[in-house]
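Chain residues, written in single-letter form:
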Amino acid sequence: MTRTATDDARLRPVPAGAAPLFVRAGQAVYAARRLGDLVSRRPAGVTGHQWSH
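Note that the structure is a prediction, hence the values are computed from the model and not measured.

### Section: the overall build of the chain
Working step 1: Looking only at helices and strands, the chain has 2 helices and 2 strands in total.
Working step 2: Ordered by position from N to C terminus, the α and β elements of the chain give β-β-α-α.
Working step 3: Buried positions account for 2% of the 53 residues belonging to the chain.
Working step 4: In the chain, of all internal contacts separated by at least 6 residues, the share reaching a separation of at least 24 is 38%.
Working step 5: As presented, the chain carries roughly 4700 Å² of accessible surface, and 55% of it is formed by carbon and sulfur atoms.

### Re unusual backbone geometry
Working step 1: With a phi angle near 50°, A25 is a residue other than glycine that sits in the positive phi range.
Working step 2: With respect to the helices and strands, A25 occurs in the loop between β1 (22-24) and β2 (27-29).
Working step 3: Classification of A25 by relative accessible area gives exposed; the value is 78%.

### Some remarks on a nonpolar patch on the surface
Working step 1: Together, L21, F22 and V29 give the surface a local cluster of nonpolar side chains, amounting to about 270 Å² of exposed area.
Working step 2: Mapped onto the elements of the fold, V29 is located in strand β2.

### Here's the deal with the confidence of the model for the chain
Working step 1: Predicted confidence across the chain gives a mean pLDDT of 75, with 83% of residues reaching 70 or more.
Working step 2: Taken element by element, the predicted model of the chain shows its lowest mean pLDDT in helix α1 (residues 35-38) (74) and its highest in β1 (88).

Conventions used here
- Residues numbered from 1 in each chain as written.
- Predicted model: local features only at pLDDT ≥ 70, side-chain atom pairs only at ≥ 80, totals over all residues.
- Heavy atoms only, no water.
- Helix = DSSP H or I, 4+ residues; strand = E, 2+ residues; numbered from the N terminus.
- Buried < 20%, exposed > 50% of the residue type's maximum accessible area, 1.4 Å probe, protein only.
- Contact = heavy atoms within 4.5 Å.
- Areas by Shrake-Rupley, 256 points an atom, 1.4 Å probe, with all protein chains shown as cover.
- Patch = residues over 30% accessible without salt bridge, like charges linked within 9 Å, V, L, I, M, F, W, Y side chains within 5 Å.
- Salt bridge = Lys/Arg side-chain N within 4 Å of Asp/Glu carboxyl O.
- pLDDT = per-residue confidence, 0-100.

Shown next, in the form of structure tokens:
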């Protein structure tokens, strides 16, 4: 598999059976998802305070 700009090891897969609210420009929008639910670790440059809010 070739890695792309959007293929990031920090991203978690969306649980099976979760249907998006809508899709716009190829990007799916899911309800009741926190950023921490989708990204496994805090990116560089983001403070702990920013990450938790």
